[in-house]
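Geometric and topological summary
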Amino acid sequence: MKTMELKMLLYILLCGWSQIITGCSRDDSPVPEEEEAYIFLSIKASSGSINEDAGGEDRITEVRMIAFDPDGNSVYNDILDFPHGFGSRSHGIKFKPGTYDFYFFANESAYVGFHDMLTSVTNVSQFQSDSRFNGLLYNPGFKPDTSTNAGRMLMSAVYKAIRVLQGGTEASPEPLVLPTPKVELVRSLARVEIVFYKKNPGSILPAADIVSSVQLQNVAASYSVPPSNSYYSGQAVSSLFGDLAGLDYTRDSIGSVGPFYIPESLNKSGNSSFTGLHINNRVFPILTDKAKTGLTAQRRTISSLSDSCIIRNYHYRINAYISPDGSITLKTCVEPWKKDDYVYIFQDGQSLAIPPVIPTDSSVIVPTSCGKIEIHSTNEQFQQGLMGAFGDQVNWWDPNVQGPNIIKGQPPYYCEKKYGPGWRLINSCEMMSFLALFDQTYKIWQSNTWLGINSGIPFYSKTLRQQAQDLLGRLTGMDMSKYLLSDMQGGDSFGSEKLGIIDAFFTPGDIVVTRKQFPGGWPYPAPPFQGIEDWYPMEVVHQVKEYWYSGYLDYADPANYDKVLYQRFERYSFSSTVSRCVRNVE
């Protein structure tokens, strides 16, 4: 009996030992897996677009992401997959939850050797220790385009201390939460463009005053990607000479030179060095904005910068005004390089985008229902309507037609003579859209005048009224700074202001049909004037109606086009004298 007990005890001990070593029974409970996260990215250029710019300035063909852990070690380094294009989100990426620094690079294959530099990165310190990242050679002849390999610009973005949280699956990843809605890729270069004007409109510049050369000098010979926050201490070079072929001295707006694309050059405050604009061998310093707002948007902090810095991803637009005595005055507009859109919000939440492209000091680009146009902000006055605009003559008795006949003038016509090739009188469709824009904007501006309040116009905020006032200044060419907006109800005291447009009769540059051309009957809601239009075609005339006028028809509604064109109060003879010059733009 004792022997049996001993054997049983020995068996239990041996089995227990074997369980410790190999396990005598199988445990089917799951082993906890390591926490994981799946993330995706969305990208854009800092201009707000990707592959939309006609000149290729936002062109992107590849994006790499490198992620570093808190010790600076690389935990991810690869090209991101955007299966549905860069306008959509990336494919999901598997990550271990934690805090990381994320570096993004676009168009790495555009610069020879940059791909190998990036793939060799194993620690974030290499961006400082490897001099190649701070010594990329500047190509003075670089121009972005939409097709060639070399026509792409290097871009980058840096986001530090970003948390990746557990969650998501490969099929349904979670967005990487960043300080910006999307990864905003920053261009590695700055854009400089020079636009020449006559300082005295209508003046004739002596031959000695014409522009013979435009060049940028003391340009940084190298640049860094990702951006370095150190002052530039490298070599300097010159840009290529600008192309002057587009300058036309018969116009007040002579033309533009550039753009030039140049590297960033950061100078310490007190440093006398600057990148210079050379016009006819005269030197003008290129200055940046004092607030350096673009650096904040790039999440960079650099202390004690001078006002003569060139900052990447900035747009330097320099207006150069030439006086008859040959002197040149510069007016520089500097702002972060962004997509050219101003958005004005109108009633019912509808918005209208007005690109702030001002090719001259007196014109603006506006979208219309029949294409985008550049329109001069000042009215053109014609003493004989279209006769004066086109140089037409009227033969009051033509025996061939047994009545009056128009003898058409020969081109170039008024607008082309005044502003150059491509300029023409606005047509009816464009004028409808322009006047609709003006009327919408004018209503907002007038909404806190007692005249507007008594006419039932909804009240708009002071911020929106200020936007409307700024836009009216662009549309009319008037200085609107004298109009001060009030917070008090009815406190805006300019209810009777017409701004040179309201109650004026505008002539578009087209001739309408006559009643004789409709033998089956007049097709429009309102009858034409009786009389002279039975003899020969006449121009259409639009009149902007004050918003309290009971017969007003909404220009913004295309269904009203024919009604507006042919109502009695819109039909006038050659006594109509007001129009605008426009040209088509892309």
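Described in the following lines is the structure provided in the data block. If you're wondering where the values come from, they're calculated on a predicted model, not measured in any experiment. (Residues numbered from 1 in each chain as written. Predicted model: local features only at pLDDT ≥ 70, side-chain atom pairs only at ≥ 80, totals over all residues. Heavy atoms only, no water.)

Attention now goes to the overall build of the chain. Counting its secondary structure elements, the chain contains 10 helices and 32 strands. Of the accessible surface of the chain, which amounts to about 28900 Å², a share of 53% is contributed by carbon and sulfur atoms. (Helix = DSSP H or I, 4+ residues; strand = E, 2+ residues; numbered from the N terminus. Areas by Shrake-Rupley, 256 points an atom, 1.4 Å probe, with all protein chains shown as cover.)

In space, the 4 strands of this open sheet follow the order β23-β24-β32-β28, with antiparallel pairing throughout. Among the strands making up the open sheet, the edge pair consists of β23 (363-368) and β28 (424-425). The strands that helix α7 (residues 428-446) touches are β23, β24 (371-376), β28 and β32 (581-584); relative to β23, the one it contacts most, it runs at about 105°. (Pairing = 2+ DSSP bridges. Contact = heavy atoms within 4.5 Å. Axes fitted to C-alpha atoms, helices over the stretch in contact; angles between N-to-C directions.)

Now for the pattern of salt bridges. Any two side chains of opposite charge can pair, on the condition that their charged atoms come close. Evaluated as defined, the whole model comprises 16 salt bridges. Arg191 is the salt-bridge partner of Glu57, the closest N and O atoms lying 2.6 Å from each other. Placement of the pair is Glu57 in the loop between β2 (43-45) and β3 (63-68) and Arg191 in strand β11 (residues 189-198), with a sequence separation of 134 residues. Arg191 carries the same exposure label as Glu57, and that label is buried. The partner of Lys418 in a salt bridge is Glu380, with the nearest N and O atoms 3.0 Å apart. (Salt bridge = Lys/Arg side-chain N within 4 Å of Asp/Glu carboxyl O. Buried < 20%, exposed > 50% of the residue type's maximum accessible area, 1.4 Å probe, protein only.)

On to the environment of Glu57. A relative accessible area of 9% means that Glu57 is categorised as buried. Sequence-wise, Glu57 and Lys143 are 86 residues apart; in three dimensions their C-alpha atoms are separated by 8.8 Å. The contact partners of Glu57, leaving out residues within four places of it in the chain, are Pro144, Met155, Arg187, Arg191, Tyr261 and Trp337. Among the polar contacts made by the side chain of Glu57, one reaches the side chain of Tyr261 at a distance of 2.4 Å. (Polar contact = N/O pair within 3.5 Å; in protein donor to acceptor, adjacent residues only side chain to side chain.)

The next point concerns the pairing of strand β8 (residues 155-164). A large share of β8 lies buried, amounting to 7 of its 10 residues. Note that strand β6 (residues 98-106) and β8 share 8 bridges and pair antiparallel. Following the sheet pairing, Tyr100 is matched in β8 by Ile162.

Here we take up the state of the cysteines. Within this structure, the stated rule accounts for 1 disulfide. Each sulfur of the disulfide joining Cys415 and Cys581 lies 2.0 Å from the other. Judged by the torsion about the S-S bond (-80°), the Cys415/Cys581 disulfide is left-handed. You can see Cys415 sitting in helix α6 (residues 414-419) and its partner Cys581 sitting in strand β32, a full 166 residues away along the chain. This pair shows no difference in class: Cys415 is buried, exactly as Cys581 is. (Disulfide = S-S within 2.5 Å.)

If you want to describe how two helices pack, look at the angle between their axes and the distance between the axes. Interhelical geometry of α7 versus helix α9 (residues 462-476) gives an angle of 140° and a closest axis separation of 8 Å. Seen along the crossing, α7 lies across α9 with a hand that is left-handed. Two secondary-structure elements touch here, α7 through Phe434, Leu437, Phe438, Thr441, Tyr442, Ile444 and Trp445 and α9 through Leu464, Arg465, Ala468, Gln469, Leu471, Leu472, Leu475 and Thr476. A class-by-class count of the residues in the contact of α7 with α9 yields 11 nonpolar, 3 polar and 1 charged. (Left-handed = near helix turned anticlockwise from the far one by under 90°. Nonpolar A, V, L, I, M, F, W, Y, C, P; charged D, E, K, R; others polar.)

Evaluated as defined, the whole model comprises 26 aromatic pairs. Between Phe68 and Phe127, the aromatic rings sit 6.0 Å apart at their centres with planes inclined by 85°, giving edge-to-face as the arrangement. Here Phe68 is found in strand β3, whereas its partner Phe127 is found in helix α3 (residues 126-129), with 59 residues between them in sequence. Judged by relative accessible area, which is 0%, Phe68 ranks as buried. Aromatic side chains Phe82 and Phe86 sit 5.1 Å apart centroid to centroid with 50° between the ring planes, which places their arrangement in the tilted category. Neither residue differs from the other here; Phe82 and Phe86 are each classed as buried. Linked through ring pairs, Phe68, Tyr103, Phe105, Phe114, Phe127 and Phe133 together constitute an aromatic cluster. Lying over the aromatic face of Phe40, Arg89 brings its terminal NZ or CZ to 4.4 Å of the ring centre. Geometry around Trp337 places Arg187 over its ring, the cationic atom sitting 4.0 Å from the centre. (Phe/Tyr/Trp six-rings, centres within 6.5 Å; stacked < 30°, edge-to-face > 60°. Lys NZ or Arg CZ within 6 Å of the ring centre and 35° of its normal.)

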